[in-house]
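Chain by chain, the residues run as shown.
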Amino acid sequence: MATVLKFKLAAEDLKPRIGSRILNSKEELLSGVLAGEIRELLEQRGILVFPQINFSDAEQIAFTKTLGTFAPEATDGENITKITLDTKANPGAAEYLKGSLYWHIDGTMNQVPILASLLSCKVPATWGGNTGFCNTYAAWDDLPDDRKAELENLRTVHGVWPTVMYYDPEPSLAKLKGMQSVGENELPLVWKHKSGRKSLVIGCTTQRVLGKTAMESAQIIHGLREWATSEQFSYSHEWSVGDLVMWDNTGTMHRAEAYDSECGRMMHRTKLKGDEPFEG
Ligand SMILES: [Fe+2]
């Protein structure tokens, strides 16, 4: 007769408005028994930290699959994506990843962004290199009601090209056109989720707010970014080898903090496929 495994999720808060640390063993996590509770806690807390869980690539893939629909990399079909700024280890993606140093949501060029990402630390940076997260549900919830009324139905335009201006403010025309060839995507400023909860859709991909002047638009975008990333809604993870951090991409923003691009910092990422469009 098969043994029925019965584990309990062991979690503690990182900060009142964002993040939980999960203390279960690798065996308990890989069993899949806790998957439902993990998914639920992820949506409530924005990010989950699994300190020094030391998953191999195969274990990380297996764990990801217990939680939902595994999303392989669209570009090359690989199961694990190596995240590094080191051009020797990752020649194609290093330039693109420079935009990841600024607050963003993954997939704002799609109608259905990925649900979650899982990042494992293989080699930490020699200095810097934390990953920052902020809770965009909590940031929306805590806005005053009159501000919510002003913002609730605004619409924005996102693109990849606005991110270039953060790290290369005087790009060549060819580079600018290359980034613009990806196109633009109109999105709501406030995501009204199926659950009834609401979150902010902002970040370095936001180019403008429709119907506003350039100055008003910049004030909304940067003002909300400043609010959402303020101390009470944000958490910066300092990596140790073997740490795994999972974030709800539909209710958080994230960014890598500056580090020496030659230091060999290496992270391995898997993703869960999204199931909810920015607008229903
Ligand atoms: Fe990202």
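Engineer: Before we move on, can you summarise the sheet that holds strand β5 (residues 116-123) with the specific residues and values?
Structural biologist: The strand order across the open sheet formed by 7 strands is β1-β2-β3-β13-β5-β15-β4, and the pairing between neighbours is mixed. Strands at the two margins of the open sheet, each flanked by one partner only, are β1 (11-15) and β4 (81-83). If you compare each strand with its neighbour and ignore which way they point, the axes differ by 25° on average. Relative to strand β15 (residues 266-272), β4 runs antiparallel, the two sharing 3 bridges. In the strand pairing of β15, Lys82 is matched with His268. The sheet strands contacting helix α3 (residues 57-67) are β3 (47-50), β5, β13 (244-248) and β15, and the helix crosses β15 at an angle near 25°.

Engineer: Outline the sheet that holds strand β8 (residues 184-188), listing residues and values.
Structural biologist: Taking strand neighbours across the sheet as the criterion, the 3 strands line up as β8-β7-β11 in an open arrangement whose pairing is antiparallel. Edge positions in the sheet fall to β8 and β11 (206-209), since each of these pairs with one other strand and no more. The average undirected angle you get between the axes of adjacent strands in this sheet is 30°. Direction of pairing for strand β7 (residues 155-159) relative to β8: antiparallel, over a ladder of 5 bridges. Bridging across to β8, Gly159 finds its partner in Glu184.

Engineer: Could you give an account of the nonpolar core, with specific residues and numbers?
Structural biologist: Judged by nonpolar contacts, the single largest core of 24 residues is most densely connected at Leu151, Leu189, Leu200 and Leu224. Of all elements in the fold, only α5 (136-141), β9 (190-192) and α9 (214-228) reach the threshold of two or more residues within this core. For this core, the element with the highest residue contribution is α9, accounting for 4 residues. Ignoring any residue separated from it by four or fewer positions in sequence, one finds Leu151 in contact with Trp140, Leu143, Leu189, Val190, Ile220 and Leu224. If you look at the next biggest cluster of nonpolar residues, it comprises 21 residues, including Leu9, Ala35, Ile53 and Leu272.

Engineer: So, the pattern of salt bridges: which residues are in play, and what are the values?
Structural biologist: Side-chain pairing between opposite charges can occur once the charged atoms of the two side chains come close. One pass over the full model with this rule turns up 12 salt bridges. A salt bridge links Arg45 to Asp13, with the nearest nitrogen and oxygen atoms 3.7 Å apart. In this pair, Arg45 sits in helix α2 (residues 35-45) while Asp13 sits in strand β1, placing the two residues 32 residues apart along the sequence. Arg45 gets classed as buried once you look at its relative accessible area, which sits at 11%. Here Arg155 makes a salt bridge to Glu186, at a shortest N to O gap of 2.6 Å. Note that Arg155 is positioned in strand β7 and Glu186 in strand β8, a separation of 31 residues in sequence. Among the residues examined, Arg155 registers a relative accessible area of 27% and is labelled partly exposed. Each of the salt bridges in this network shares a partner with another, and the network as a whole consists of Arg155, Glu186 and Glu279.

Engineer: Please set out the environment of Trp103 residue by residue, giving values where relevant.
Structural biologist: Inspection of the secondary structure assignment puts Trp103 in the loop between α4 (94-97) and β5. A relative accessible area of 10% places Trp103 in the buried class. With 56 residues separating them in the primary sequence, Trp103 and Ile47 have C-alpha atoms 15 Å apart.

Engineer: Lay out the pairing of strand β6 (residues 131-135) with the relevant residues and their values.
Structural biologist: If a strand is regular, its side chains alternate between the two faces of the sheet. Buried residues dominate β6, accounting for 5 of its 5 residues. With burial as the criterion, each face of β6 is covered, one bearing Thr131, Phe133 and Asn135 and the other bearing Gly132 and Cys134. The pairing of β6 with strand β14 (residues 252-256) spans 5 bridges and is antiparallel. Paired with Thr131 across the two strands is Ala256, which belongs to β14.

Engineer: Hey, could you go over the side chain of Ser20 for me, with residue numbers and the actual values?
Structural biologist: Within the fold, Ser20 resides in strand β2 (residues 18-22). Judged by relative accessible area, Ser20 falls into the buried class, the value being 2%. Among the polar contacts listed, one links the side chain of Ser20 to the side chain of Arg45, at a separation of 3.0 Å. Setting aside chain neighbours within four positions, we find Ser20 in contact with Glu12, Asp13, Leu14, Leu41, Arg45, Ile47, Leu48 and Val49.

Engineer: Pulling in residues and values, what's your account of unusual backbone geometry?
Structural biologist: For Gln52, which is not glycine, the phi dihedral falls at a positive 40°. You can see Gln52 is positioned in the loop between β3 and α3. Accessibility expressed as a relative area gives 51% for Gln52, which makes it exposed. With phi around 55°, Asn54 is a residue other than glycine that occupies positive phi space. Along the chain, the position of Asn54 falls in the loop between β3 and α3. Residue classification places Asn54 among the partly exposed residues on the basis of a relative accessible area of 42%.

Rules and cut-offs
Residues numbered from 1 in each chain as written. Predicted model: local features only at pLDDT ≥ 70, side-chain atom pairs only at ≥ 80, totals over all residues. Heavy atoms only, no water. Pairing = 2+ DSSP bridges. Helix = DSSP H or I, 4+ residues; strand = E, 2+ residues; numbered from the N terminus. Axes fitted to C-alpha atoms, helices over the stretch in contact; angles between N-to-C directions. Contact = heavy atoms within 4.5 Å. Core = buried A, V, L, I, M, F, W, Y, C linked by side-chain atoms within 4.5 Å. Buried < 20%, exposed > 50% of the residue type's maximum accessible area, 1.4 Å probe, protein only. Salt bridge = Lys/Arg side-chain N within 4 Å of Asp/Glu carboxyl O. Polar contact = N/O pair within 3.5 Å; in protein donor to acceptor, adjacent residues only side chain to side chain.

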